[in-house]
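If you want the building blocks of each chain, they are given just below.
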Amino acid sequence: MSSAGARHEAAIEEVWDRVRGTDRAVVVDSPPGAGKSTLVRELAKRLVAVGEHVPIVVQTNDQADDLVIALAGAGLSTGRLHGQEWTPPTGWPRTKVRTGTKLGELGGCDVIVGTAAKWAFVKADERTWPLGVIDEAYQMSAAALVRVGHLFDRLLLVGDPGQLAPFTVADEHSVRSLATWPLDTAAGTLLRHHPDTPVIPLPVSWRLAPHTAPVISDAFYTRAFTAGAAPTDRRLELASLAHPALAHAAEHGWALLELPAAHVPRTDPALVATLADLVHQLVTADVSTVDPSGPRPLSRADVAVGVVHRDQKAHVEAALQRRGVTGVTVDTANRLQGRQYEVVLAWHPLSGRRDASAFHLEAGRLCVLASRHRQACVVVSRAGVEEQLHAYPAAEPVWLGTDPPQVDGWEANRAFLERLAPHRITAR
Amino acid sequence: MDPRRIAGLLDAPGCRRRQALDAAQVDLGLLAEAIGAPPGGQSPYARERDGTFTHLATARLPELVGRHLGIDCEAAVETSELPVGAGLWVWREPKLRLRDLPVTPERIVLAGDGTLLHPVEIRSYACLDGHADPAKVAGTARELAVVVAALRQAAPVPERVSSRCLLVLPRNFGLAPVGTLLDVAPQVRRLGWSLDRLDAVDLPARLRLPDLGGQALVNALAAVDARFGDGCPSCPMYTHCRQDAERTGTVARAGGAAANLCGPVGTAVHALALAHGERSPSGEAEQAIADELARAAAAYGWAVGGSGVATGPGPAGGSAR
Amino acid sequence: MSLDVYQRLLALSRARAVPAASRAHRHLSPRPWLLTGYHLAGEPSAPVAIRYGSFRDSPKLLTVAEPRDRALRFAALGGLARDLATYLSRYTVTEPVVRATGSGRELEVDHCCVDAPQLVVPNEATAHWVGLLGQYLRTLDDPVLAAAGAHLGWIASRRHLPGSSVLLTATDLLTAHWRTGQLPTEDGHLGRLLAWIEPPAGADAWQAARDAEAMPPAGPASDPSWDQVVLRPALERAKQQGDVRRLKLAAAEVLDGAWRDTWAAIDLVRMLPPGEHVAKRWESDRWSWTRHRERVLAGTVSFSARLSDVPAYRFLHELETRTAALERQMALDDPLVMARYLATGEAVAGVVFKRDPEHTVVNSGGRSVLRPLLWVRTAAAFDRPAGTELWWGKVGMVVRGSTDDTVELMVTSGAVTRPKLNLLPDTDAEVVLAPFGPLQYFPDNLPDELPWPTRSSRPKPAPEPEQDDDLDTDLAPAAPAAAAVDLGGTPGRVPGPRADPGDGVPAGGTAAPGEPRGAL
């Protein structure tokens, strides 16, 4: 076994020991592609094997469906607790799975999966569990944890601290008038109230490539991680006439494709066209993705475009349609959370803006866009983002009694850009 | 310059005019007079309150420092250099530097635990139930960052100056001091970046003249580009720059959101001509702006045109519980 | 939002504000209580002058010759407290209301005040000060003052609730209904804002706004030079010679502008017809006032300035629910607000050119169900993806596809049974499809107490010594040394109706359990 594999296995065993131990709560920090889903599945299997029933709290219906499919595939009898509106997705397992809107309909299931919003309807006097598992515990807010916490005597929280922070439609100043911060992450609030809780970082990203993992780790994470793949394990084979940005990214993992500096509206047509051209080339040219399982042609499902706003998504999709390209994922950062592709083309959140804003500077947004790929990531942007960062006034309000964020959005943006400087390609 | 003035570098790092103003250390009193701005300053009542509270809080510092920093100390001791060891010190009128800029606060209070020195800052805005005006706290944090950075420059071992400061405020409606720890590490880092950039500010020769005042000062500053935006009302040049912006009809006069949406389109007249189809867009970027504004114009026209378009059969209220 | 930018650009080029709403979205009481005033710089509990009342032409004026003198302040605030009580006493009439309880199946008769008080202030800073004044008054050992503190506390607690009209600021009234061409932060200055909306004849907004800025500020913090040049001599004279005439004159002069401007803001919004949902939202304020009065009468009012524990989470839930409800209601009430969603492409306006009411699909249970189709011709391309949900009143639909000038929609709720097919829009009907469906109420699902993961297992650190709290600002500035000596003592310490850790909900602040949720 590789040393990365050994470190990963050691971390998994440590998690298992802790779960079987006496800690009231255990937090697992999982960087992008560190095997979080596998971990949850593996732990569920082991817990069921020792006779436990395992309730799992996830954050979205898509996550719940994916997890149920994986658990059923692993042979576990799984219950899907869902809302009235839910319909099973395609590929829904025919065996091993029960579904229901009430706990009572899921009798006999060893594992029960539901969203936090759905679990919040379960009453503690109906049933409680000795151990609950919360997946995506950094996407979940303290407000959601408050509504389900009483169901479980102990908790295992698993999540990626580099995700987008919980969001509210309410006015921030009004919420800040509270003596608590209900929009803290579930993992953050638990660690604040139970500082002795062990935090076990998964040390290896199996998704990110050897040359892209260190950049993500340095810019967005306080606990360092490395790539599990060796430099020779994977590569992208391109046709000789590939766009220089694709060629560079195939070799180095990264490319920062810069269009001439300009202040442009957020649906920047030149950026839309560039992204669509790159995608078109990727899916029409003869591109192969190679990894230890062997080479295979790059399919449309292997490519994603990450954008910041929904109107950007609409424009990129329309541009792809005009080029006759379908089947390529185009989505915003918050919808790409937890997903993975071979190649990702990312719209830099600050591209072409005159002024940065807190929304566009959020570390999680850039981190999600830049950490969905296995082979390569091309960040496309207008030049001048550095200027924009430097022009951003350091005037954020400071709320007395709160700690500065562990990862500051402005600094993460700057660090990321600095690390990408050697990969800068100027668009023709 | 006092720390507040240097902290101003973080207010508008994107505005060259503001950067020039600070890099040239222009006297703000002279400037206000030259551009005809209100003199500003502090209310006599605020000054009195400040003095009273500082006096009261100073007497209680050993207790607060003990509670929040775990440092056992007596009343503050006068010092004339960066102290070492454990204790509480007042350093009056220190002559510090940050890069080349003089930093001359009236006084710095420092609490040492033997290893680290923590700045202690007394301010007289209220802390109500543990909550203080976040904009004021942010301002204090930026000024403290200047002090921390200047002390680090003066210290033989810079890491010994901690960015964790003790902020002392009056509690609720009284004058009883209450302490809160405030970590200004992010502000210190940002300040470092801003100072790196300041070195690159290209000062017009005329601004380097000492005691430049009146119209000559205004002209020298006006020769440097300004960047009008949401943060401008707190800038000493505000009244001057906004008149400029009004004369030219720049979209930025209406705020950052307008400037961001309009991108390369500089004036409101131009943007509206695009919105109303009275001018054909030059290039793709303008086309995109024209599309977006035209959609807004159409929606606005629809709404004020008052066509009785139905949004549904009757009121859509009611509970769907 | 792009419409907001467009309106700002229009205003900028015309040098005059443009309307951002065609309905009044705040309830305006026929008899509001206005309050404008100043306090000593940095000392919210030391008022210098307050002008207040319900009558435009005969406001009360209160001045405090030595704001830091406890006795003088008491006397002045006592007058304010009594007048407030008189005003509030007009709002005690109740009417019986039948409403559902529990599961919604049983009915009961409750009593709700037919109207509620309304406080209008010039700006955000004054609204904030009202809260602080209330908090301060509640610390005082005087039943009249403490009662006024409780009422101001209730009023201030409604300030942050979207859709509440108990405490209005004139600046918010105006920015909710007009757009200017200046910086959004400059809109916080009432005089400037009014200059944009109604510049004096012959003046453009720029000049009018500059003129307004030269006037004394609207309070409650005064400007340093006014303090120095006008206030200080007037206060000195009042203090030393007992002559308050100059102070009264200065106060009247300086408060006059804000008083007039606040009424002017009300007048402007009164000219707009009220939005349809405004009365519904005011009903929620009336219930809150009713419950607050009940608590006052029962002596169970309690306040915690900053919510924690479960009430904090309940407050967030209420904020989110109200924010969404207010946005939706305003858009449905007012085409100029709906236009914002048309401009961003979230809503669609167009003409129905084809219908297929008989269209069916097979649902997951294998049954064939009615899912009518509609085709709408639009002026511009609708760029949201298939699957996007839109509503026409209670009729819900999803986008099936779109072209440059058409959208195809499938009705999924509200008109999917034969008896309800008549609720579909007719062919040739002009429609606006909104991104808002019927209002949904979600229970907050909160437990009675915080579960263990969100609560510390260790005891809280001991609070800082209590006696600190009551070191008042009575200290004469000339005698700081004497004051320092007094530190250990508790001069004039009086226990007020302070926070009760068991019940952190501000009286009537957030929906109390007894309040009907439907009254949002």
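Above this note sits the structure.
Reading the values: rules and limits
Residues numbered from 1 in each chain as written. Chains lettered and ligands numbered in written order. Predicted model: local features only at pLDDT ≥ 70, side-chain atom pairs only at ≥ 80, totals over all residues. Heavy atoms only, no water. Helix = DSSP H or I, 4+ residues; strand = E, 2+ residues; numbered from the N terminus. Rg over C-alpha atoms; globule rule 2.2 N^0.38 Å. Buried < 20%, exposed > 50% of the residue type's maximum accessible area, 1.4 Å probe, protein only. Contact = heavy atoms within 4.5 Å. Areas by Shrake-Rupley, 256 points an atom, 1.4 Å probe, with all protein chains shown as cover. Lys, Arg positive; Asp, Glu negative; His and termini not counted. Charge placed at Lys NZ, Arg CZ, Asp CG, Glu CD. Core = buried A, V, L, I, M, F, W, Y, C linked by side-chain atoms within 4.5 Å. Buried area = accessible area lost by both parts, 1.4 Å probe. Salt bridge = Lys/Arg side-chain N within 4 Å of Asp/Glu carboxyl O. Nonpolar A, V, L, I, M, F, W, Y, C, P; charged D, E, K, R; others polar.

Caption draft 1: The arrangement of the overall build of chain B in detail. Looking only at helices and strands, one finds eleven helices and eight strands in chain B. Compactness check: chain B gives a C-alpha radius of gyration of 26 Å against a globular reference of 20 Å for 321 residues, more than 25% above the reference. Across its three principal axes, chain B shows a C-alpha extent of roughly 75 × 70 × 40 Å. Expressed as a percentage of the 321 residues in chain B, the buried residues total 55%. Of the contacts made within chain B by residues no fewer than 6 positions apart, 56% connect residues no fewer than 24 positions apart. In the structure as shown, chain B presents an accessible area of about 13300 Å², 51% of it carried by carbon and sulfur atoms. If you average the places of the 33 positive and of the 35 negative side-chain charges in chain B, the two averages end up 2 Å apart.

Caption draft 2: Representation of the nonpolar core within the structure. Counting residues in hydrophobic clusters, the biggest one holds 92 residues, and the most contacted among them are Leu31 and Leu293 of chain B together with Tyr6, Leu9, Leu174, Trp178 and Met338 of chain C. For this core, the leading source of residues is helix α11 (residues 283-305) of chain B, giving nine residues. If we ignore the near neighbours within four places in the chain, the residues touching Leu9 of chain C are Val251, Ala258, Cys262, Ala268, Ala271, Leu272 and Leu293 of chain B. Grouped together as the second largest cluster of nonpolar side chains are 72 residues, Ala219, Leu320, Val330 and Ala346 of chain A included.

Caption draft 3: Examining the interface of chain A and chain C more closely. The partner chain C presents 31 residues to the 38 residues of chain A that form the contact. At the boundary of chain A with chain C, total buried surface from both sides reaches about 2900 Å², with 62% on carbon and sulfur atoms. Summed over the shared surface of chain A and chain C, the result is one salt bridge. Between Glu346 of chain C and Arg310 of chain A there is a salt bridge whose closest N-O contact spans 3.8 Å. Elements with a minimum of two residues in the side of chain A that touches chain C: α5 (142-148), β7 (152-159), α6 (172-176), α7 (186-193) and α11 (310-322) of chain A. Residues belonging to the side of chain A that touches chain C are distributed by class as follows: 19 nonpolar, ten polar and nine charged.

Caption draft 4: Summary view of the environment of Met237 of chain B. Residue and element names in this part refer to chain B. Tracing the backbone through its elements, the reader meets Met237 in the loop between α7 (214-222) and α8 (238-248). Met237 sits 206 residues away from Leu31 along the chain, and the two C-alpha atoms are 7.9 Å apart. For Met237, the contacting residues outside a window of four places in its chain are Arg17, Leu21, Leu31, Ile35 and Leu221.

Caption draft 5: The arrangement of the interface of chain B and chain C in detail. Facing 76 residues of chain B, the contacting portion of chain C comprises 79 residues. Considering only the side of chain B, the residues that lose the most area to chain C are Tyr45, Phe173 and Tyr300 of chain B, jointly responsible for 13% of the buried surface there. Between chain B and chain C we count seven salt bridges in total. Note that Arg232 of chain C and Glu48 of chain B form a salt bridge whose closest N and O atoms lie 2.6 Å from each other. Elements represented by at least two residues in the side of chain B that touches chain C include exactly α4 (44-69), β8 (177-183), α8, α9 (256-262), α10 (268-275) and α11 of chain B. When residues of the side of chain B that touches chain C are assigned to their parent elements, the largest contribution, twelve residues, is made by α4 of chain B. Looking at the side of chain B that touches chain C residue by residue, the classes come out as 38 nonpolar, 24 polar and 14 charged.

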